[in-house]
Amino acid sequence: MESTNSKVFILDTNVLLHAPLSIFTFQEHDVMIPMTVLEELDNIKDRGRDVSRDARVAIRALEDIFSNATPDEISQGVPLQKVESKNKLGKISIFADHSVMKQDAFFTDNEPDNRIINAALYLQNKSDREVVLVTKDINMRLKAKGAGLNRVEDYRSDQLIDDIKFLATGFHKFSGDFWQEIKECHSESMKSETMGSKTIHTVETELLKDSFVNQYLIDETDHFAARVVGNQNGEISFVDLGRERLMSKKAWGIHPKNIYQGMAMEALLNPHIDLVILTGPAGSGKTILAMAAALEQVVERKMYDKVIVTRNTPEIAESIGFLPGTEEEKMLPWLAAVTDTLEVLHKYDECKDGSVEYIKQKANLQFKSVNFMRGRSIQNAFVLLDECQNLTAAQLKTIITRCGEGTKIVCSGNLSQIDSSYLTAVTSGLTYVVERFKNFDGSANVFLKGVQRSRLASFAEHNM
């Protein structure tokens, strides 16, 4: 590649598996793919696992770019082009890292990660441009820095926030009394309108800065609760829900235990909200609220035809292995939280096990693997996607885009319980969805504060 003021980004294999089209996100800078990365993609592409699809997508993207290029052009760099991009993009090349002389290599063994680090060090010493190794492997970043590489980074192009503390909670809490503040400072500018049983108030955006549609509003009193329904022309509109009415909502015999569960219940039972995102600590009530709302709307109100429950299986939605039985029977160990919830919902029935089985049939409750969601079109169903914190943005997109007309999907997860090797709280697909959908009028997000499971669980959550 010719010398310019732009940087050279060397991509590790896990970056292409995490975001197969990440090669287009480096703007005017150049991208280099070591030969070792292509070999690793080749080994992964035929494994029959979810990650294999991402490997094939990355390989096809590279093939489209290099299909008409000569060997010299491939080594020197082929201009990147993206139809929808108006910005100038850099070049992409393949580096034959096997050609790095042993005397130039910091690591002498033949491990793929070490060969990639060697290639980065070699280019750093030979080039007058800044060389940056991009990898999602924390240990590889440490090794590369220890070996003398000046710039090593995580892939952050799909990271919408810098710190989890900036993640939208789905509600805004005012200090003091909201109505008193309105009366004292904004009474002249506020307009109110009654539509049926609802009262909608409109105020200037100055009072509710950074508000978004379906954001909930509460204060420190026991009376006020509202939900934003409009944000345009310098004005914010919100519907007055009333805290007492919010706390009196009921689904399948379940009442909210705090205002946060009340907001979640309102979103779950609202037919105009297609996507509900529930985050919060373990024991905050995410699963039981979602299941209660699902059964209420499928069995009692007959708003949906079925309930579909799915979640990722270990190792980022990989194979569900050699467990015996049908797909549903294989998924039962991973969906024990849901079956536990069903038992709690019917614990006072005379025959609990019989009631649970009856409700499963009555609600047409289906347990599905994330692996088999691709290509489907789910119509008129209530979909519960549990443990979303371990999914990437691409995997969540695959599932959400399966939802057709009349389908409502609930994504729930605890961002402090991420099992994936390459995901953190800020790079999790759940975080990405919260931020991407917060301005979509068909979605609502609620962070459930407080652990309601037991005093033991509450103490463990705050002290361990």
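In this text the structure is predicted, and so the values were computed from the model without any measurement. Numbering of residues starts from 1 in each chain and follows the order in which that chain's sequence is written. Where totals are concerned, whole chains, interfaces and linings use all residues; where local detail is concerned, this predicted model gives features only for residues with pLDDT of at least 70, and gives and counts side-chain atom pairs only at 80 or more. Based on all heavy atoms of the structure, the side-chain values leave hydrogens and waters out of the count.

Asker: Provide a residue-level description of unusual backbone geometry, including the pertinent values.
Answerer: Of note in this structure, N214 is not a glycine but carries a positive phi near 70°. Put simply, DSSP marks the helices as runs of H or I at least four residues long and the strands as runs of E at least two long, and each gets a number from the N terminus on. Looking at where N214 falls in the secondary structure, it is placed in the loop between β9 (198–204) and β10 (216–218). The phi torsion at N364 lies on the positive side, around 50°, for a residue other than glycine. Counting through the fold element by element, N364 comes out in the loop between α14 (352–362) and β15 (365–369).

Asker: Just give me the short version of the nonpolar core, but keep the residues and values in it.
Answerer: Among buried residues, those of type Ala, Val, Leu, Ile, Met, Phe, Trp, Tyr and Cys that are joined through side-chain atoms within 4.5 Å constitute a nonpolar core. Partly exposed describes any residue whose relative accessible area lies between the buried limit of under 20% and the exposed limit of over 50%, with all areas from a 1.4 Å probe on protein chains only and scaled to the type maximum. Core analysis: the largest hydrophobic core is formed by 49 residues, its most contacted members being L11, I23, I33, I92 and L133. Counting residues per element, this core draws most heavily on helix α3 (residues 50–66), which supplies seven residues. Here, residues are in contact when the closest pair of their heavy atoms is within 4.5 Å. If sequence neighbours within four positions are ignored, I23 has contacts with L11, L16, V31, I33, A61, L62, I65, L80 and I92.

Asker: Give a description of the sheet that holds strand β7 (residues 171–173) that names residues and reports values.
Answerer: Working definition: the strands of a sheet are paired by backbone hydrogen bonds and lie parallel or antiparallel to each other. For two strands to pair, DSSP has to find at least two bridges joining them. Sheet architecture is open: six strands sit in the order β7-β10-β11-β12-β9-β8, paired in mixed fashion. Of all the strands in the sheet, the pair left with one neighbour each is β7 and β8 (191–195). Averaged over all pairs of adjacent strands, the angle between their axes in this sheet comes to 30°, without regard to strand direction. Sheet topology places β9 next to strand β12 (residues 235–240); five bridges connect them, and they run antiparallel. Note that in β12 the partner of H201 across the bridge is F238. An axis is simply a line fitted to the C-alpha atoms; with a helix, the fit covers only the stretch in contact. Between two such axes, the angle follows the N-to-C directions and lies from 0 to 180 degrees. Here helix α9 (residues 259–269) sits on the sheet in contact with β7, β10 and β11 (225–232), set at roughly 150° to β10.

Asker: Tell me about the pattern of salt bridges, residues and numbers included.
Answerer: A side-chain nitrogen of Lys or Arg and a carboxyl oxygen of Asp or Glu constitute a salt bridge if their distance falls within 4 Å. Per the stated rule, a full pass over the model turns up 14 salt bridges. The salt bridge partner of K45 is D46, with a shortest N-O separation of 3.3 Å. The exposure class of K45 is partly exposed, given its relative accessible area of 22%. Look at D46 and you get exposed, because its relative accessible area is 61%. Of the charged contacts, one joins R227 and E266 as a salt bridge, the two residues approaching to 3.3 Å between their closest N and O atoms. Note that R227 is positioned in strand β11 and E266 in helix α9, a separation of 39 residues in sequence. Take R227: its relative accessible area is 8%, and that puts it in the buried class. It is possible to trace a salt-bridge network through shared partners that takes in D42, K45 and D46.

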